[in-house]
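# Commentary on secondary and tertiary structure
The residues making up each chain are set out below.
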Amino acid sequence: MTKIKAFIGPAVFLTFAAGAATAGTLGDVKGRDVLKCGVNTGFAGFAYPDSSGRWQGFDVAICRAVAAAVLGDQDKIEFVPTTGETRFTALTSGEIDVLPRNTTWTFTRDVDLKFTFAGVNYYDGQGFMVRKDLGVTSAKELDGATICVQTGTTTELNLADYFKTQGISYQPVPIQTPAEADQQFLGGACDAYTTDASQLATQRGTYPNPADYIILPEIISKEPLGPVVRQGDDEWADVVRWTYNALVAAEEYGVTKKNIDEMSSSENPEVRRLLGTEGDLGRMLGLDADWAKRAIAANGNYGEIFAETIGVGTPANIERGLNALWINGGLQYSPPFR
Amino acid sequence: MHDVSFVRHEMLSPQPAPASQVGPLRWARENLFSSILNSFLTIVSAAAVILALAHLWPWFAHSVWHAGSLRECREMIAQRWGEDATGACFAVIRDRWKQFLFGFYPSELYWRPTLSFVLLLAALAPILFSAVPRRMLWFSIAFPGIVYWLLWGGSLALPICVYAGFLVGMLVHRLVGPRFGSLLALIGGVLATLIWWFYLAGPVAGLLETILPFLTLEPVASKRFGGFMLSIVIGATGIAFSLPLGVLLALGRRSGLFIIQSICIGFIEFIRGVPLITLLLVASFLLNIFLPPGTNFDIILRVIIMVTLFSAAYMAETIRGGLAALPRGQYEAADALGLDYWQAMRLVIMPQALKISIPNIVNNFISLFKDTTLVAIIALLDPIGLVTSIRADSNWNGIVWELYGFVALIFFICCYSMSVYSKHLERRLRTDHR
């Protein structure tokens, strides 16, 4: 029996690092001086590690802004890659502090799973992509088709709902990751591939012959994607929500990464409050006066982040569309800073 | 009349054998064209191989090693070899090989995993090859602690204290043994070790840390482990611990003691009846929720424990097969020599049973090493998980064969070396005459 100890050995190497007991997430993050951010294991344009191992992308930029606001350094982040299945457990169990992982805001996730959505950083909708030579021009013609769909996501449920209401049948081909979807779809394992329209466009852009594929006109769902935090910690939810709002407001008032220093002395009282020149909004949030300034300076305002990671001209090549500011006919809208 | 008989005086010079009976021609005739069916099969297979090579060769020949993105690769190939040419874009391997090897380990600390790997080879040497001095085995025993310290960082005091647990256990065993018998000594030894680990090791390690602060390395969170380093850490630990645990379970299952036997059977059957993915998901989700909030039980250690338990259950059955194959006479002979249970197992039974089981044991090792890629399911970035995240980089989005092929190649090299070693071991241990 002595050998059994050889096995128990590593179990005792455990790092039982008892965290600061329930000081609230904001206190925890400040205490450990690092933000734990749950990201997609790999989602073109939204979250991926570059060749030096630094995480990049549209979703990642949210975490960077929060880290800059709370800890003063956008690199004080521990990135925790999560899959569609592991993401919520990771958040519930405290393995991560915030989850900006293209997660759709739904009633059950908000109410039943006990999460709080701190905003919508991307308004999306689910669409279908098919090969052109299939001769299909509408999703209603997909009766009996095999359809690639990511498991454990709302797309799976939307797909079932849509086909039920249309009274037609389909054969699901379950996949785990967008990369797997490319393989299955290009290899002909499924007739159609369904996921958020933005992602369809992104993936199509990487195919050897993008023109051979079309995205069908039907958008079958609303997919408001946003950063998620645990329910019941409103202080922390406020920090994430208002950091995000600061990015949107900054775009509205023309505050950019470049001009942020001049804008601090702007005449506009809203901008002065936002950047901490006037008032004490930061203190109310449990942060210092420069919190929003640092968040914006990290990677720019909402528009700058969008343009740099997924906007027109990048490989993802996505139009602002619904994600334009409200003053430009979109849905991005920040409540006032006062 | 006279008889003329002729007797040849000189020997004929030897002639070479007919061309069809020697060399490659004969080999080909015997092995490839011995019958009509075989000739037909040979031609078909040759055609298949040539066809495959003809398609693959241009892909390798047109490969690009220096490029910043897949688009650049495609442009370079089109420019050099024409619009329709296909070619491999190995530039992605060149760009990301460090990530493939070390995951997100801090680049200024790459020497630590590298040194660990070299030490791994040194620690394996005395176990694998009998020509290496036996004293090296002490290093092999110390190796897990050293590697834990190198990879995870922190203070060396913790591994030292864990090892001290074994000493404490042995000490108690020695003290109790003469007075209260071997069974109580065993129980006392195990209990003392556990008490040391759970209650005393922590404070003592803290004390040691203050005395020996220079033995502290910069800690690295296991979230930053990835790539082949992660596979090797999980695979090597699993292999190292599953064999002894499997031996114990196999012995326990054949033991006459009811409680030990039931525990072992229950454990083996339960673990074997559950898919590895389920165990990994338990490690990733359930433990997270069951453990008190604030405890941070390292995810990689959790995975290692699950993989080890899983593999140990299979190992136990493999070794039980070896035990069952031994003739009863061997057990009786060991008893007749007056050996006690552990001596009999160590000196007579186990060497033979393990020898019989070698092919199956190595089979287990290989499948364990390949199973480490399943951790991609719980979002650890092993080589397969890394491929996904590399493909999400807009520079490399759309690349497939090069990445998976590279991963497959490395896995093949590792697994094939294990297989070759097992053949060598079988030859070395062959004692029968054939």
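Residues numbered from 1 in each chain as written. Chains lettered and ligands numbered in written order. Predicted model: local features only at pLDDT ≥ 70, side-chain atom pairs only at ≥ 80, totals over all residues. Heavy atoms only, no water.

## Remarks on the overall build of chain A
Looking only at helices and strands, one finds 14 helices and 13 strands in chain A. Taken over C-alpha atoms, the radius of gyration comes to 22 Å for chain A, in line with the 20 Å a tight globule of 338 residues would show. With the C-alpha coordinates of chain A rotated into their principal frame, the extents come out at 75 × 60 × 40 Å. Burial analysis of chain A (338 residues in total) assigns 56% to the buried set. Counting contacts in chain A only where the partners sit at least 6 residues apart, residues at least 24 apart contribute 70% of the total. Surface exposure of chain A reaches about 13500 Å², of which carbon and sulfur atoms provide 53%. Of note, chain A has its 29 positive side-chain charges centred 4 Å away from the centre of its 42 negative side-chain charges. (Helix = DSSP H or I, 4+ residues; strand = E, 2+ residues; numbered from the N terminus. Rg over C-alpha atoms; globule rule 2.2 N^0.38 Å. Buried < 20%, exposed > 50% of the residue type's maximum accessible area, 1.4 Å probe, protein only. Contact = heavy atoms within 4.5 Å. Areas by Shrake-Rupley, 256 points an atom, 1.4 Å probe, with all protein chains shown as cover. Lys, Arg positive; Asp, Glu negative; His and termini not counted. Charge placed at Lys NZ, Arg CZ, Asp CG, Glu CD.)

## Digging into the packing of helix α7 (residues 157-180) of chain B against helix α8 (residues 182-211) of chain B
Helix packing for two helices is described by the angle between their axes and how far apart those axes are. Residues and elements named next belong to chain B. Following both chains from N to C, one finds α7 and α8 inclined at 150°, their axes separated by 7 Å at the closest point. Taken together, the axes of α7 and α8 are roughly antiparallel relative to one another. For the pair α7 and α8, the sense of crossing is right-handed. (Axes fitted to C-alpha atoms, helices over the stretch in contact; angles between N-to-C directions. Parallel < 35°, antiparallel > 145°, perpendicular 65-115°, else oblique. Left-handed = near helix turned anticlockwise from the far one by under 90°.)

## Brief notes about the side chain of A:Ser334
Residues and elements named next belong to chain A. Of note, Ser 334 is situated in the segment after α14 (302-309). For Ser 334, a relative accessible area of 9% gives the class buried. Here the side chain of Ser 334 touches Asn 245 through a polar contact of 3.4 Å, landing on its backbone oxygen. Not counting residues within four places of it along the chain, the set of residues in contact with Ser 334 comprises Asn 245, Val 248 and Ala 249. (Polar contact = N/O pair within 3.5 Å; in protein donor to acceptor, adjacent residues only side chain to side chain.)

## Some details on the domain arrangement of chain A
Residue and element names in this part refer to chain A. Per the domain assignment, the segments of chain A are domain 1 (25-123 + 225-328) and domain 2 (126-221). Between the C-alpha centres of domain 1 and domain 2 the distance comes to 30 Å. At the junction of the two partners, domain 1 supplies 14 residues and domain 2 supplies eleven residues. Buried surface at the junction of domain 1 and domain 2, both sides included, amounts to about 950 Å², of which 51% is carbon and sulfur. Among the residues of domain 1 in contact with domain 2, Phe 43, Glu 85 and Ala 316 are the three that bury the most area, contributing 34% of the side total. If you look at where domain 1 meets domain 2, you find zero salt bridges. There are one residue pair in polar contact (both at pLDDT 80 or more) connecting domain 1 and domain 2. Broken down by class, the residue content of the side of domain 1 that touches domain 2 amounts to seven nonpolar, four polar and three charged. (Domains from an automatic or database assignment. Buried area = accessible area lost by both parts, 1.4 Å probe. Salt bridge = Lys/Arg side-chain N within 4 Å of Asp/Glu carboxyl O. Nonpolar A, V, L, I, M, F, W, Y, C, P; charged D, E, K, R; others polar.)

## Let's talk about the state of the cysteines
By definition, a disulfide links the sulfur atoms of two cysteine residues through a covalent bond. All names here are of chain B. Per the counting criterion, the structure on display carries three disulfides over all chains. Unpaired in terms of disulfides, Cys 415 finds its nearest cysteine sulfur in Cys 414, a separation of 6.5 Å. For Cys 415, a relative accessible area of 10% puts it in the buried group. (Disulfide = S-S within 2.5 Å.)

## Comments concerning helix α10 (residues 258-272) of chain B
Residue and element names in this part refer to chain B. The first and last C-alpha atoms of α10 sit 21 Å apart over 15 residues, in line with the 21 Å expected at 1.5 Å per residue. Listed in full, the buried residues belonging to α10 are Cys 264, Ile 268 and Ile 271. All buried residues of α10 fall inside an arc of 80° around its axis, so they share one side. Facing away from the buried side of α10 by more than 90 degrees, the exposed set consists of Phe 258, Ile 259 and Phe 270. The elements touched by buried residues of α10 are α9 (227-254), α11 (276-290) and α12 (299-325). (Expected span 1.5 Å × (residues − 1). Arc of directions from axis to C-beta.)

## So, the environment of B:Thr431
Mapped onto the fold, B:Thr431 is located in the segment after α16 (401-428). For the pair B:Thr431 and B:Asn395, spaced 36 residues apart in the sequence, the C-alpha separation amounts to 58 Å.

## What about the domain arrangement of chain B?
For interface size, the figure often reported is the accessible area lost on association. Segmentation of chain B into domains returns domain 1 (28-57) and domain 2 (93-428). Its C-alpha centre places domain 1 of chain B at a distance of 45 Å from the equivalent point of domain 2 of chain B.

## Thoughts on a nonpolar patch on the surface
Residues and elements named next belong to chain B. A cluster of nonpolar side chains, Phe 180, Leu 183, Leu 184, Ile 187, Leu 191, Ile 195, Phe 198, Tyr 199 and Leu 200, forms an exposed patch at the surface whose accessible area comes to about 990 Å². Counting residues per element, the nonpolar patch draws most heavily on α8, at eight residues. Relative to the assigned elements, Ile 195 resides in helix α8. (Patch = residues over 30% accessible without salt bridge, like charges linked within 9 Å, V, L, I, M, F, W, Y side chains within 5 Å.)

## A look at the pattern of salt bridges
All names here are of chain B. Taken as a whole, this structure holds 25 salt bridges over all chains when the rule is applied. For Arg 328, the salt bridge identified is with Glu 332, shortest N-O distance 3.3 Å. Taken as a pair, Arg 328 and Glu 332 lie in helix α13 (residues 328-336) at a separation of four residues, close to a single helical turn. A cluster of three or more residues bridged by salt bridges with shared partners is formed by Arg 253, Glu 269, Arg 272, Glu 317 and Arg 320.

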